[in-house]
Amino acid sequence: MSEQALKVLIVDDEAPARARLRDVLADVAAEIKLEVVGEAGTARDAVDVLAAHPADVVLLDIRMPEMDGIEFAQHLQKLPQPPAIVFTTAYDAYAIRAFEVHAIDYLLKPIRTARLKEALTRAQSARAPSAAALKDLSKGAPAFLSAQERGRIHLIPVDDVIYLKAELKYVTVRTAQREYLIEEALARLEQEYGDRFVRVHRNCLVARAAVRGFERGTGESEGQWVALLEGCDEKIPVSRRQQHIVRELGRQ
Amino acid sequence: MPSINQNGYARALPDFRNLGILLRILVVVNVLAIAAAIARTPDLASAATELLTLSAIVQPILIVTLLALVALSTFLRRLPYGLGSAAVIAISIGITFAFFVALQRYALVEDMGGPARYVLLVLLTCTLLLAYFDLRGRALSPAIAEARLQALQARIRPHFLYNSINAVLSLIRQDPRRAETALEDLADLFRVVMGDNRELSPIAREVELCRQYLNLEQLRLGDRLKVTWRIDKMPPDALIPPLVLQPLLENAVYHGIEPRVDPGEISIDIYTLRNQLHAVLRNPYAHEGTHHAGNKMALANIRERLQLHFDAEGTLETRVGEDTYQVHIKIPYVKSK
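Residues numbered from 1 in each chain as written. Chains lettered and ligands numbered in written order. Predicted model: local features only at pLDDT ≥ 70, side-chain atom pairs only at ≥ 80, totals over all residues.

Caption draft 1: Summary view of the interface of chain A and chain B. Contacts between the two partners involve 15 residues from chain A, matched on the other side by 21 residues from chain B. Grouping the constituent residues of the side of chain A that touches chain B by class yields 8 nonpolar, 2 polar and 5 charged. (Contact = placed C-beta atoms within 7 Å. Nonpolar A, V, L, I, M, F, W, Y, C, P; charged D, E, K, R; others polar.)

Caption draft 2: Region of the structure containing the packing of helix α6 (residues 158–174) of chain B against helix α8 (residues 203–221) of chain B. Residues and elements named next belong to chain B. Between α6 and α8, whose axes approach to 9 Å, the crossing angle comes to 65 degrees. It follows that α6 is roughly perpendicular to α8 by the angle criterion. Between α6 and α8 the crossing geometry is left-handed. Contacts from N163, S164 and A167 in α6 reach L216, L219 and R220 in α8. Grouping the amino acids of the contact of α6 with α8 by side-chain chemistry returns 3 nonpolar, 2 polar and 1 charged. (Axes fitted to C-alpha atoms, helices over the stretch in contact; angles between N-to-C directions. Helix = DSSP H or I, 4+ residues; strand = E, 2+ residues; numbered from the N terminus. Parallel < 35°, antiparallel > 145°, perpendicular 65-115°, else oblique. Left-handed = near helix turned anticlockwise from the far one by under 90°.)

Caption draft 3: Spotlight on the environment of T65(B). Residue and element names in this part refer to chain B. Its location among the elements puts T65 in helix α2 (residues 44–78). Look at T65 and you get buried, because 22 C-beta atoms sit within 10 Å. Measuring from C-alpha to C-alpha, the distance between T65 and I93 comes to 9.1 Å, with 28 residues separating the pair along the chain. When near neighbours in sequence (up to four residues on either side) are disregarded, T65 contacts I91, S92 and I95. (Buried ≥ 20, exposed ≤ 12 C-beta atoms within 10 Å, placed from the backbone.)

Caption draft 4: Here's a closer look at the sheet that holds strand β11 (residues 197–201) of chain A. All names here are of chain A. The strand order across the open sheet built from 5 strands is β10-β9-β8-β12-β11, with neighbouring strands paired in antiparallel fashion. Each end of this open sheet is capped by a strand with a single partner; those strands are β10 (179–182) and β11. Each strand of the sheet is rotated relative to its neighbour by a mean of 25 degrees, with strand direction disregarded. (Pairing = 2+ DSSP bridges.)

Caption draft 5: Examining α6(B) more closely. Its 17 residues place the ends of α6(B) 25 Å apart at the C-alpha level, agreeing with the 24 Å of an ideal helix rising 1.5 Å per residue. Residues F160(B), N163(B), S164(B), N166(B), A167(B), V168(B), S170(B) and L171(B) constitute the buried set of α6(B). Buried positions along α6(B) lie against α1 (15–28) of chain A together with α7 (176–193), α8 and α9 (245–257) of chain B. (Expected span 1.5 Å × (residues − 1).)

Caption draft 6: Highlighting α8(B). Residue and element names in this part refer to chain B. Given a rise of 1.5 Å per residue, 19 residues ought to cover 27 Å, and the 26 Å separating the end C-alpha atoms of α8 matches this to within 8%. Those residues of α8 that sit buried are I203, E206, V207, L209, C210, Y213, L214, L216, E217, L219, R220 and L221. Looking one or two residues beyond α8, the residue adopting positive phi is G222, at roughly 55 degrees.

Caption draft 7: Spatial organisation of the pairing of strand β4 (residues 84–89) of chain A. Residue and element names in this part refer to chain A. Of all the 6 residues making up β4, 6 are buried; the element is thus mostly covered by neighbouring parts of the structure. With burial as the criterion, each face of β4 is covered, one bearing A84, V86 and T88 and the other bearing I85, F87 and T89. Relative to β4, strand β3 (residues 57–61) is paired through 5 bridges, and the arrangement is parallel. Across the sheet, L59 pairs through a bridge with V86, a residue of β4. The handedness of the β3 to β4 crossover, carried by helix α3 (residues 69–76), is right-handed. Bridge analysis of β4 against strand β5 (residues 106–108) gives 3 bridges, and the strand direction is parallel. Paired with F87 across the strands is Y106, a residue of β5. (Right-handed = clockwise from strand over helix to strand, strands pointing away.)

Caption draft 8: Just the pairing of strand β14 (residues 225–229) of chain A, in detail. All names here are of chain A. With 4 of 5 residues buried, β14 lies mostly within the body of the structure. Here 5 bridges tie strand β13 (residues 211–216) to β14, and the two strands are oriented antiparallel to one another. Each residue of the ladder has a partner; that of R216, found in β14, is W225. One ladder, built from 4 bridges, connects β14 with strand β15 (residues 232–237); its direction is antiparallel.

Caption draft 9: Representation of the sheet that holds strand β4 (residues 264–273) of chain B. Residue and element names in this part refer to chain B. One open sheet accounts for 5 strands, arranged β2-β4-β5-β7-β6; its pairing is mixed. Strands at the two margins of the open sheet, each flanked by one partner only, are β2 (225–230) and β6 (315–320). This sheet shows a mean twist of 15 degrees between the axes of neighbouring strands, independent of strand direction. Looking at chain direction, β4 and strand β5 (residues 276–284) are connected through 7 bridges and run antiparallel. Following the sheet pairing, I268 is matched in β5 by L281. Those strands touched by α9 are β2, β4, β5 and β7 (324–332), and its axis lies near 20 degrees from that of β5.

Caption draft 10: Representation of the environment of A210(A) within the structure. Residue and element names in this part refer to chain A. By the element assignment, A210 lies in the loop between β12 (204–207) and β13. A residue is classified by how many C-beta atoms lie within 10 Å of it, and A210, with 20 of them, is buried. The spatial distance from the C-alpha of A210 to the C-alpha of F197 is 9.3 Å, given a sequence separation of 13 residues. The residues touching A210, leaving out its near neighbours within four places in the chain, are I162, L229, E230 and G231.

Caption draft 11: Fine view of the nonpolar core. Counting 116 residues, the largest nonpolar core has V8(A), V57(A), V86(A), V206(A) and L249(B) as the members making the most contacts within it. For this core, the leading source of residues is α8(B), giving 9 residues. Aside from chain neighbours lying at most four places away, what touches V206(A) is Y163(A), F197(A), V198(A), V200(A), V211(A), A227(A), L229(A) and I236(A). Counting 15 residues, the second-largest nonpolar core is a separate cluster that includes F16(B), V29(B), L69(B) and V88(B). (Core = buried A, V, L, I, M, F, W, Y, C linked by C-beta atoms within 7 Å.)

Caption draft 12: Inspection of unusual backbone geometry at higher detail. Residues and elements named next belong to chain A. With an omega of -5 degrees, the peptide bond running from K109 to P110 counts as cis. Tracing the backbone shows P110 in the loop between β5 and α5 (113–125). Phi is positive for R150, which is not a glycine, with a value near 40 degrees. For R150, the position within the fold is in the loop between β6 (144–149) and β7 (152–157).

Caption draft 13: Here's a closer look at the confidence of the model for chain B. Residue and element names in this part refer to chain B. In the predicted model, chain B carries a mean pLDDT of 85, and 90% of its residues have values of at least 70. Looking over chain B, one finds the lowest element-wise mean pLDDT in helix α5 (residues 142–151), namely 68, and the highest in β2, namely 96. Across residues 1–7, confidence stays below pLDDT 50; counting only partners more than four residues off in sequence or on other chains, it has 9 contacts. Two summary scores accompany this predicted model of the complex, namely pTM at 0.69 and ipTM at 0.76. (pLDDT = per-residue confidence, 0-100.)

Caption draft 14: The environment of G217(A), seen in detail. All names here are of chain A. Structurally, the position occupied by G217 is in the loop between β13 and β14. Taking the number of C-beta atoms within 10 Å as the measure of exposure, G217 has 17 and is therefore partly exposed. For the pair G217 and P237, spaced 20 residues apart in sequence, the C-alpha separation works out to 7.6 Å. Aside from chain neighbours lying at most four places away, what touches G217 is E222, Q224, W225, V226, K235 and P237.

Next comes the structure, spelled out in structure tokens:
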């Protein structure tokens with residue numbers, strides 16, 4: 001065992017479940033040197049905790065509101081040094097079967113001291129679960145996009161995205177507040193969120209809900225249609241090939 | 001029906017005074033006549049003529065027999081089933097034989113042949129009909145309904161059990177007293193869930209059970225779960241099938257509260273209106289990312305139980321609003337004795 005204490009983060013939406021984990025971790029601490037760096041009730045809170053206190057292991061509940069544990073685990077993989085993940089779940093036959101297939105560690109609630117100790121011992125040497133395995137576990141398109149900036153993860157609700165624009169090897173994600181860069185292919189995003197975004201240009205997907213209208217462009221985009229967007233002042237040019245969407249969306 | 005409060009199925013003759021029973025007999029006998037006409041003739045055109053000839057004999061016999069059975073219905077149904085069946089067959093054969101003799105004497109129909117064929121045909125038809133009514137009686141018997149009720153017993157989600165135990169475990173060190181109460185609630189809940197729930201029980205008991213269930217959920221969810229009861233107009237003695245409201249609340253928590261970060265409210269209204277008992281449950285509802293297979297099964301289960309108890313008078317309707325989900329149950333207001 002290493003000299004350094006194992007840093008553990010608890011993520012569960014139910015306070016009693018977090019309290020229980022703390023108790024059991026305290027019991028395990030007698031044998032494994034560990035430190036609870038924090039606890040969080042949602043994935044978004046967990047991101048904030050992690051930004052301030054990086055963890056070696058995340059004990060992660062699967063069924064949580066807003067973003068489930070499996071999606072969160074996928075986003076965590078973007079960290080330069082992703083933490084090991086041990087899922088906790090009360091009952092989910094589907095997930096458990098999948099975990100066993102992919103040899104991902106999980107704990108069944110109620111959690112036992114001996115099992116937790118085992119999982120933590122393994123986590124000290126284990127690698128994070130593979131992205132492919134997690135992808136296999138998740139149901140449907142993730143509700144969040146994630147961007148990694150200086151060692152911390154930003155979670156961007158897909159609902160908040162105004163447009164996605166491809167730039168060299170990154171995609172710019174624009175929300176009403178700010179821009180993020182994510183390492184994704186625009187084509188893949190279009191495939192995943194096709195019902196939500198519409199391609200207005202070779203390099204740009206716009207959220208249908210954000211389209212306020214269209215007008216004839218001026219200056220650089222003279223003679224071309226541009227899309228006016230809710231929540232951002234930028235005007236996005238519509239390519240000639242995609243002109244038909246002006247009629248389609250304009251009519252709604 | 002005399003068998004209504006017995007455990008096994010008691011065989012009984014059909015009630016010949018029931019219009020539905022008479023109609024069924026008429027249809028079956030006439031279908032047999034059509035089949036006979038088709039079988040006896042080489043082509044369809046002559047089959048129509050044959051049917052007419054057959055009807056001239058069959059219809060009077062059929063009608064007189066039915067009249068006799070209606071008249072003797074009360075007496076026949078008082079006999080044991082075997083004897084009653086034999087009596088029905090004897091009456092039918094007797095009437096047929098009388099017709100045969102009369103028709104032959106006045107030579108109304110040519111070339112009738114001997115009586116044995118007619119007697120045999122009537123015997124077969126009667127046996128067929130009695131067997132049909134016996135099977136039908138079995139299918140509709142309360143014993144079968146009870147067996148189906150037993151199969152439909154409500155089940156609690158395993159998810160809830162394990163999460164609750166986990167929550168209780170977390171209390172044991174910090175708040176042993178609350179842990180005790182929680183375990184007591186859990187025990188009460190499972191006593192009912194694992195018990196015999198075929199008979200109606202007072203709604204006050206169901207409400208109490210729901211409160212215990214919600215207490216346990218509150219333990220896990222804390223402020224996220226808000227519950228509003230509006231039951232001051234509820235007659236506590238009204239009868240309801242047990243475990244009708246609790247599974248609906250479980251759905252409401254699972255689909256309405258757990259997927260939310262913000263607090264959500266579940267409301268329960270119970271009242272009577274024009275001699276009907278109404279129960280209305282509402283919970284917040286997010287349109288996206290829902291998983292309703294399990295939900296539909298629970299609803300179908302409850303709906304079927306209401307129908308078994310109250311037939312068409314027990315209904316369950318769901319309505320999806322802008323951001324709420326509503327279940328509305330209507331059943332007849334039956335008071336406990």
